[in-house]
Amino acid sequence: SPSIRFPEFTGEWEKCKVEDITDAVSSGKSKNHFSYGEYNLYGSTGIIGRTDKALYDGKLVLVARVGANAGFLQIINEPCGITDNTLILKPKGIDAFYLYYFLQHFNLNRLIFGSGQPLITGGMLKKVKVSLGTISEQSKIVKFLSLLDERIATQVRLIDRLQSLMIGIRHRIINEAKGKIVCLCEVSDIYQPQTISSADLTETGYPVYGANGIIGHYTSYNHEAEQVCITCRGNTCGGVNYTKSKSWITGN
């Protein structure tokens, strides 16, 4: 049983394989992809278009099967189409949302194999063991986690609005600024600092900045003051960070 629990529930949880608590684990079969159609067409990370045929209905948990998004989870409850790069789980005898939240906790990334094209198979999913309380306890857990999800979604919308406001203000201020235009090299030193190995990172110490922000800590720092950093490699190339004082900035 979990160490943190709603007080009205007692007794041990049982463990079941996904294949025992689902009607099937299979890939989607919808192929028609339109900008029109009566039904939503789901791909590995969300709605990708419309379709004229609803091959699926009811509460379903979807798992991205292949590619960079392998392991991404969705839960749906509507007549729809689903493409073949998505695995479909139709729960039976348990709360569908509970299975969705449990798989989030399980972290399906641990199942991914293949370096060229990451992949999760239906056979892997079937063997995943799920810890289960009673339906009543499942429902209470789902209600609690759903409320947190709603709160997070509200905060994300607020952040999006504030970011849009900041972009608009920044754009207006800069566009209306009067003065001479100079090259970046005239007002800053531009260079690539020394990179350290990920094996050298520590749990405590000074923050280390990589291509995606802080990636760990180190025993010393190579910049005493705050810096403006621009990512020069990888998917986030061109991204801008403002670092903390006394930090190590890598060559990425």
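Structure: see above.
Report follows, based on the coordinates. Keep in mind it's a predicted model, so treat the numbers as computed, not measured.

**Re the pairing of strand β11 (residues 213-218)**
Looking along a regular strand, one sees side chains alternate from face to face of the sheet. Here strand β10 (residues 206-210) pairs with β11 via five bridges, running antiparallel. Considered in β11, the bridge of Val-208 is made with Gly-216.

**A short note on the packing of aromatic side chains**
The relative placement of two aromatic rings is captured by the distance of their centres and the angle of their planes. The full count for this structure, using the stated rule, is six aromatic pairs. When the ring of Phe-6 is compared with that of Phe-144, the centres are 6.1 Å apart and the planes differ by 85°; the resulting orientation is edge-to-face. Taken together, the positions of Phe-6 in the segment before β1 (14-17) and Phe-144 in helix α3 (residues 135-176) put the pair 138 residues apart, joining distant regions of the chain. Given a relative accessible area of 43%, Phe-144 falls into the partly exposed group. Three or more aromatic residues link up through ring pairs in this structure, and these residues are Trp-13, Tyr-98 and Phe-102. For Arg-110, the ring lying beneath its charged end belongs to Phe-106, and the centroid distance is 4.0 Å. The aromatic ring of Phe-6 is capped on one face by Lys-140, whose charged end is 5.0 Å from the ring centroid.

**So, the sheet that holds strand β8 (residues 86-91)**
In space, the four strands of this open sheet follow the order β2-β8-β5-β6, with antiparallel pairing throughout. In this open sheet, the two strands that pair with only one neighbour each are β2 (22-27) and β6 (73-77). If you compare each strand with its neighbour and ignore which way they point, the axes differ by 20° on average. Taken together, the four bridges between strand β5 (residues 59-64) and β8 define a ladder with antiparallel strand orientation. Within β8, the residue paired with Val-63 across the bridge is Leu-87. The strands touched by helix α1 (residues 96-106) are β2, β5, β6 and β8; relative to β6, the strand with the most contacts, the crossing angle is about 170°.

**Re the packing of α1 against α3**
For the pair α1 and α3, interaxial distance at closest approach is 9 Å and the crossing angle is 65°. For the pair α1 and α3, the crossing hand works out as left-handed. Only Gln-138, Ile-141, Val-142, Leu-145, Ser-146 and Asp-149 of α3 make contact with α1, whose side of the interface consists of Phe-97, Tyr-98 and Tyr-101. Within the contact of α1 with α3, the residues separate by chemical class into six nonpolar, two polar and one charged.

**A short note on the state of the cysteines**
A disulfide bridge is the covalent bond that connects two cysteines by way of their sulfur atoms. Within this structure, the stated rule accounts for zero disulfides. Cys-183 takes part in no disulfide bond, and the closest cysteine sulfur, belonging to Cys-185, lies 5.0 Å away. Taking the relative accessible area as the measure of exposure, Cys-183 reaches 45% and is therefore partly exposed.

**Considerations on unusual backbone geometry**
Positive phi, close to 70°, is recorded for Asn-107, a residue that is not glycine. Mapped onto the fold, Asn-107 is located in the loop between α1 and α2 (122-127). Residues other than glycine seldom take positive phi values, yet Lys-246 does so here, at roughly 50°. Within the secondary structure, Lys-246 sits in the loop between β13 (240-242) and β14 (248-249).

**Notes on the pairing of β10**
A large share of β10 lies buried, amounting to four of its five residues. Hairpin remark: β10 followed by β11, antiparallel, with two residues in the connecting loop.

**Section: the sheet that holds β10**
Spatial strand order, β11-β10-β14: three strands in an open sheet with mixed pairing. Of all strands in the sheet, those with a lone pairing partner are β11 and β14, marking the two edges. Taken together, the two bridges between β10 and β14 define a ladder with parallel strand orientation. Across the sheet, Val-208 pairs through a bridge with Trp-248, a residue of β14.

What counts, and at which threshold
- Position labels on residues start from 1 in each chain and follow its written sequence.
- Confidence filtering applies because this is a predicted model: local features only for residues at pLDDT of at least 70, side-chain atom pairs given and counted only at 80 or more, and all residues used for totals across whole chains, interfaces and linings.
- The basis for every side-chain value is the complete set of non-hydrogen atoms in the structure, without hydrogens or water.
- Paired strands, as defined in this entry, are two strands with at least two bridges between them according to DSSP.
- For helices the rule is a DSSP run of H or I covering at least 4 residues; for strands it is a run of E covering at least 2, with both sets numbered from the N terminus onward.
- For Phe, Tyr and Trp, where Trp contributes only its six-membered ring, two rings pair if their centres lie within 6.5 Å, and the inter-plane angle classes them as stacked under 30 degrees, edge-to-face over 60, or tilted in between.
- Only protein chains enter the calculation, and the probe is 1.4 Å; a residue is then buried if its accessible area is under 20% of its type maximum, exposed if over 50%, and partly exposed in between.
- Here, a charge over a ring means that NZ of Lys or CZ of Arg falls within 6 Å of the ring centre while also lying within 35 degrees of the ring normal.
- Axis definition: a line fitted to C-alpha atoms, limited for helices to the stretch in contact. Angles are taken between N-to-C directions and run from 0 to 180 degrees.
- What makes two residues a contact is simply this: any of their non-hydrogen atoms within 4.5 Å.
- For a crossing to be left-handed, the near helix must be turned anticlockwise from the far one by less than a right angle; the clockwise case is right-handed.
- When residues are grouped by polarity, Ala, Val, Leu, Ile, Met, Phe, Trp, Tyr, Cys and Pro land in nonpolar, Asp, Glu, Lys and Arg in charged, and all others, Gly among them, in polar.
- For this text, the term disulfide refers to a pair of cysteine sulfurs within 2.5 Å.

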